[in-house]
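Listed here are the chains, written in short residue letters.
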Amino acid sequence: MKIIVGQGSCGIAAGAGKIKAVLEQSVEGKYPIGITGCIGMCWLEPIVDVYDDNNNLHRYVKVSEDIAKAIAEAVLSSDFAKACEYEISDEDKLFLEKQTRIALRNCGIINPENIDEYVSVGGYSALKKVLSSMTQDDVINEIKASGLAGRGGAGFPTWFKWNAAKQSKGEEKYLICNADEGDPGAFMDRAVIESDPHSLIEGMLIGAYAIGAKEAVVYVRAEYPLAIIRLQNAIEQARNAGFVGENILGSGFTCDFRIKAGAGAFVCGEETALIESLEGSRGMPRLKPPFPAQEGYWHKPSNINNVETFANVAWIISNGGEAFSDMGTEDSKGTKVFALTGKVKRGGLVEIPMGKTLREVIFDIGGGIKEDKQFKAVQMGGPSGGCIPESLLDTVIDYKKLSATGAIMGSGGMVVMDESTCMVGMAKFFLDFTAKESCGKCVHCRIGTKRMQEILTRIVNGEGKDGDIELLEELCEAIKDGALCGLGQTAPNPVLTTIKYFRNEYEAHINNKKCPAKECTQLLTYEIDKDKCIGCTMCAKKCPVSAISGELKSAHSIDTAVCIKCGQCIANCKFGAISKN
Amino acid sequence: MCKCNCSDSNIDLNLLKPVLDKYSNVKGSLITILQNAQEIYGYLPTEVIYEVASATGNTPAKVMGVATFYTQFRFKPVGKYLIMLCQGTACHVNGSEMIAQTINEELGISDGETTDDGLFTLSCVACLGCCSLSPVMMINDETYGSLTPKKVREIIAELKSRS
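Residues numbered from 1 in each chain as written. Chains lettered and ligands numbered in written order. Predicted model: local features only at pLDDT ≥ 70, side-chain atom pairs only at ≥ 80, totals over all residues. Heavy atoms only, no water.

Let's shift gears to the overall build of chain A. On a plain count of helices and strands, chain A comes out with 23 helices and 17 strands. Over its C-alpha atoms chain A spans a radius of gyration of 26 Å, differing by no more than 12% from the 25 Å that the globule rule assigns to 581 residues. Residues counted as buried form 59% of the 581 residues belonging to chain A. A separation threshold of at least 6 residues defines the contact pool for chain A, and within that pool the share at least 24 residues apart is 69%. Chain A carries 65 positive and 75 negative side-chain charges, and their two centres are separated by 4 Å. (Helix = DSSP H or I, 4+ residues; strand = E, 2+ residues; numbered from the N terminus. Rg over C-alpha atoms; globule rule 2.2 N^0.38 Å. Buried < 20%, exposed > 50% of the residue type's maximum accessible area, 1.4 Å probe, protein only. Contact = heavy atoms within 4.5 Å. Lys, Arg positive; Asp, Glu negative; His and termini not counted. Charge placed at Lys NZ, Arg CZ, Asp CG, Glu CD.)

Another point: the sheet that holds strand 3 (residues 48-51) of chain A. Residue and element names in this part refer to chain A. Across the sheet, four strands lie side by side as 2-1-3-4; this open sheet has mixed pairing. Because the sheet does not close on itself, it has two edges, and the strands there are strand 2 (33-36) and strand 4 (57-60). Between one strand axis and the next, the sheet turns through 25° on average, direction left out of account. (Pairing = 2+ DSSP bridges. Axes fitted to C-alpha atoms, helices over the stretch in contact; angles between N-to-C directions.)

Quick look at the interface of chain A and chain B now. The partner chain B presents 37 residues to the 53 residues of chain A that form the contact. Taken together, the two surfaces of chain A and chain B that pack against each other cover about 3300 Å², and 57% of this comes from carbon and sulfur. Of all residues in chain A, the largest losses of buried area upon contact with chain B belong to Ala263, Arg282 and Phe429 of chain A, amounting jointly to 17% of the total for that side. Counting every contact that joins chain A to chain B gives zero salt bridges. (Buried area = accessible area lost by both parts, 1.4 Å probe. Salt bridge = Lys/Arg side-chain N within 4 Å of Asp/Glu carboxyl O.)

Right, let's get into helix 4 (residues 60-69) of chain B. Residues Val63, Gly65, Val66, Ala67 and Phe69 of chain B constitute the buried set of helix 4 of chain B. Residues of helix 4 of chain B that are buried make contact with helix 2 (30-41) and helix 3 (46-56) of chain B.

Let us look at unusual backbone geometry. A negative phi angle is the norm for most residues apart from glycine, just as the trans form is the norm for most peptide bonds. Residue and element names in this part refer to chain A. With an omega of -5°, the peptide bond between lysine 288 and proline 289 qualifies as cis. Inspection of the secondary structure assignment puts proline 289 in the loop between helix 12 (271-278) and strand 8 (302-306). Within the chain, serine 78 stands out as a residue other than glycine whose phi angle is a positive 55°. Tracing the backbone through its elements, the reader meets serine 78 in the loop between helix 3 (65-77) and helix 4 (90-97). Its relative accessible area of 45% is what places serine 78 among the partly exposed residues. A positive phi is found at histidine 299, a non-glycine position, where the angle reads about 60°. Among the residues examined, histidine 299 registers a relative accessible area of 47% and is labelled partly exposed.

As a further point, take the pattern of salt bridges. Within the structure shown, the criterion is met by 37 salt bridges over all chains. The partner of glutamate 236 of chain A in a salt bridge is arginine 239 of chain A, with the nearest N and O atoms 2.9 Å apart. One end of the pair, glutamate 236 of chain A, and the other, arginine 239 of chain A, are both in helix 11 (residues 225-240), three residues apart, so they sit about a helical turn from each other. Since its relative accessible area comes to 28%, arginine 239 of chain A is described here as partly exposed. We note a salt bridge from lysine 150 of chain B to glutamate 154 of chain B, for which the minimum N-O separation is 3.4 Å. With a gap of four residues between them, lysine 150 of chain B and glutamate 154 of chain B both fall in helix 7 (residues 149-162), about one helical turn apart. Residue lysine 150 of chain B is classed as exposed on the basis of its relative accessible area of 58%. Using a relative accessible area of 44% as the deciding quantity, one classes glutamate 154 of chain B as partly exposed. Sharing partners across several salt bridges, the network here consists of Lys161, Glu270, Glu271 and Lys288 of chain A.

All names here are of chain A. With 15 residues, helix 10 (residues 197-211) extends 21 Å between its outermost C-alpha atoms, agreeing within 8% with the 21 Å of an ideal straight helix rising 1.5 Å per residue. Burial within helix 10 is extensive, with 15 of its 15 residues counted as buried. Of the residues one or two after helix 10, glycine 212 is the one with positive phi, at around 85°. (Expected span 1.5 Å × (residues − 1).)

Attention shifts here to the sheet that holds strand 4 (residues 142-144) of chain B. Residues and elements named next belong to chain B. Reading across the sheet, the four strands line up as 2-1-3-4 and stay open at both edges, with mixed pairing between neighbours. A strand with exactly one partner marks an edge of an open sheet, and here the two such strands are strand 2 (120-125) and strand 4. Between one strand and the next, the sheet's axes are offset by a mean angle of 25°, whatever the strand orientation. Looking at chain direction, strand 1 (residues 81-86) and strand 2 are connected through six bridges and run parallel.

Turning to the pairing of strand 13 (residues 413-418) of chain A, a few remarks are in order. Strand residues, when the strand is regular, have side chains that alternate between the two faces of the sheet. Residue and element names in this part refer to chain A. Among the six residues that make up strand 13, six are buried, leaving the element largely enclosed by the rest of the structure. Where strand 9 (residues 335-342) lies against strand 13, four bridges are found, and the strand directions are parallel. Bridge assignment links alanine 339 to a residue of strand 13, and that residue is glycine 413. Sheet topology note: the strand 11 (residues 375-380)/strand 13 ladder contains five bridges and is antiparallel. Among the inter-strand pairings, valine 378 is bridged to a residue of strand 13, identified as valine 416.

Below you can see the structure in the form of structure tokens.
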């Protein structure tokens, strides 16, 4: 009998810590309660897995304290029928069954705080293979055969970067992991570090060996405290086990590890900005070339890859590059992890082979739209990406095909939106973000994003003018051309794609002063349906500006000149008598 | 030292000494030093900026330049409870604005402000990475998910009653 509680950040936020304590108390110390990281089914958290004496898995979802007690009772009596009503439904099981997990292979299965569990599932065998029987070129060739490309967004071939860093002259080289997952809506890197930190360490060690680096640094977001703790713990364990440090496994290869906590700046996801930040400066991108492979950290040859990229490496070495490249499309090999969120029924982490369609991810795996509303768009690639409309849902997941839509693969954030999301508001949301996060180095990015943000703010406030759309388009092109780094060059994408696919929404805001999604507060008017209103006076009592009048038991009305559109009346009307239009 | 009387005489710079001893000679450690200093004081007082500058051989302008670049650093004391409200995409789509409005109604503070009683500070932050539980906020390292205005009012009431 084995009892495991999912303890990723999502699980803990949903109350998994409390559930673990209740289980511990309820089984009266007869069974230890283990932990695991993120299972990936975030919408079902907290999740408790029980492997019975025949090693059958009973997975309990949305576990409350009462359900935890029922599970404990089932465990103590070995009568699992007692708690079967709390087990995961067959429909929800499809979420995992339809996935192919490589980067997430151990997530939600092993205990991330125990190196022995990682070793027991074949962990560090790829490192042993590399150190005992492969040259640096062998490793690079294996990665080349796999077709692995950078999973952080750019999609650059990993082997090429490794080879360039290896060929650079000099003894002092660095291997850096970019764990500054700043893209809002993406959390796969956090999940990998919290759930399987050793796979990151092993992938990095293999990369360090391939390029000849003696020092490895993980630059991780300060907003991920649990990831930092688990990674620190994993590095110590790996050091004690002889996988990290001097003369690793007696091979003569030496590599030390260090964590550097970021301090909150989206632009530090750009590799040269990240290097500046590592050196203790403002994270402002450098001019390329020279590329980091030639002159990176402290101006020494450096290689930077993202967490998900490294998480694939040990698997590729163990299974061969071809096994990886057998999956996917002509251009994009292997699998990709997506963080599926927003207005989707089943939100969580999805890893699938490249080549599947967006529709398969959102509808077959994600179960479609919450409350069966109408799908409107999916936002991919965060502030650097774009919104893809329903007509393009059969687009195949592949670097080139996604870029052709105007969005990008990015780091894999996939935020689903329904009919109630305003696309102009969405564009404004991203421009608010990039205008704030622009480092200020390039004029076009610094001032251009600010001007675009102002125009979009005007439009959502009902002050849009003729020619605003064209002005936005002009600014977009100028920023793309005038910015040095990826942040600026891609910042216009959310605006360009929403104009391209949802121009009618822009026009409705500008010409008719209406928000079709009924989201832009300034463009709404609140009305009371006289037939539905029974005159309970609740709305009038809750209205903070006394805009509602009417006698008790007779229909009320709203003075639109006074109304501040706060929505308190709708929230408090029990009869559905108030509407916004 | 600063001559403009902006200093806070309650700042005990001795607390910073172990941090400076450990890092001031390690190149590239400025951000780490500032992070440690903020751990100690809860924010970065002007006196600390000057102390760090002199210990690391930087100008105060350089230290301030680095500190103001990153959103993590604060220059005013924060309340006992630091509410970090997630501004990620998923939270935006699922109504984080409504949550900010509720906090504003309950506590009368907007982004970056602290309540008069010094109990709560609201800070709107970049994605916290708990997107499936959106909208999300973090209060002193504890994460609260699937927020509704009602839930937020209950959480605030509970924290108020604790103090």
